[in-house]
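# Residue-level structural notes
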Amino acid sequence: MIFSTHNSIPRHIHSLTLHYERTHTGNKRLQDQQRPVPKTTENRSKHVNKGMTMDQVRQAGKMMRGRCLSKTGANPDIVEAASKGQFAADDKDLKCYMKCVMGMMQSVKGAKYNADVAIALAKKMLPDDVKDRSVAAIEKCRIEWDGHDDPCESSYAVTVCTYEADPEVFYFP
């Protein structure tokens, strides 16, 4: 598995977050955070998860966008429009791009969607001001995966539903 030892955040996203925080905040304490912290009641009470800033989320999203654009051949203009809620329902490359991004976030593996992974990732990474609303949107849309034979179509359905559930907090790289 590609999970890091930190709260089941995919390793590539966790590494990007640490690099971004070290280089942009000068926080030397982050070097110590690379080592796993034993999960005891005492440690849980000391470590409050504030999530990432939206700038950090967008930085991680840029990496995913670059990788999935090259992998799927999706049109960058159509992807950008989708990130603003303008979905091209007839664009197969866009739908497979969405599956790719969800795969990088580990919420899609093969042809299976795991909303619980998406929710856990949102709780750990998103800023507090959007976290609860984003989790509610993901929860509402978890059943959208069903009823489609194609994982790209299913990814599209989940993404559109998540946007429609709460457009103000919608973010898709």
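Residue numbers here run from 1 along each chain, matching the order of that chain's written sequence. Reporting in this predicted model follows two pLDDT cut-offs: at least 70 for local features of residues, and 80 or more for side-chain atom pairs to be given and counted; totals over whole chains, interfaces and linings ignore these cut-offs and use all residues. As a rule here, side-chain values come from all non-hydrogen atoms in the structure, and water together with hydrogens is ignored.

### Re the overall build of the chain
- Counting secondary structure elements, the chain contains nine helices and two strands.
- Helices and strands appear in the chain in the N-to-C order α-α-α-α-α-α-β-β-α-α-α.
- Relative accessible area decides the class of each residue, using a 1.4 Å probe on protein chains only: under 20% of the type maximum gives buried, over 50% gives exposed, and in between gives partly exposed. Considering the chain as a whole, with its 173 residues, one finds that 45% of them fall into the buried category.
- Within the chain, counting contacts between residues at least 6 apart in sequence, those at least 24 apart form 63% of the total.
- Of the roughly 10,000 Å² of accessible surface on the chain, a fraction of 51% belongs to carbon and sulfur atoms. Runs of E in the DSSP output that reach at least two residues are strands. Runs of H or I that reach at least four are helices, and both are numbered from the N terminus. Contacts are assigned to residue pairs with any non-hydrogen atoms lying within 4.5 Å of each other. Per-residue and other accessible areas were derived by the Shrake-Rupley procedure at a 1.4 Å probe size, with only the shown protein chains allowed to occlude residues.

### Quick look at the packing of helix H6 (residues 92-104) against helix H9 (residues 151-165)
- Packing of H6 against H9 brings their axes to within 8 Å, and their N-to-C directions diverge by 80°. As far as their axial angle goes, H9 and H6 are roughly perpendicular. Contact residues: H6 offers Lys92, Leu94, Lys95, Cys96, Met98, Lys99 and Met102, while H9 offers Pro151, Cys152, Glu153, Ser155, Tyr156, Val158 and Thr159.
- Here the term charged refers only to Asp, Glu, Lys and Arg, the term nonpolar to Ala, Val, Leu, Ile, Met, Phe, Trp, Tyr, Cys and Pro, and the term polar to all other amino acids, Gly among them. Residues of the contact of H6 with H9, tallied by class, amount to eight nonpolar, two polar and four charged. Axis geometry follows a simple rule: fit a line to the C-alpha atoms, using only the stretch in contact for helices, then measure angles between N-to-C directions, giving values from 0 to 180 degrees. Each angle receives one of four descriptions, namely roughly parallel if under 35 degrees, roughly antiparallel if over 145, roughly perpendicular if within 65 to 115, and oblique otherwise.

### Thoughts on the pattern of salt bridges
- In the sections that follow, a salt bridge refers to a side-chain nitrogen of Lys or Arg positioned within 4 Å of a carboxyl oxygen of Asp or Glu. In the structure shown here, the tally under the stated rule is ten salt bridges.
- With a shortest N-O distance of 3.5 Å, Glu80 and Lys84 are connected by a salt bridge.
- Classification of Glu80 by relative accessible area gives partly exposed; the value is 31%.
- Here Arg133 and Glu168 are joined by a salt bridge, their closest N and O atoms 3.2 Å apart.

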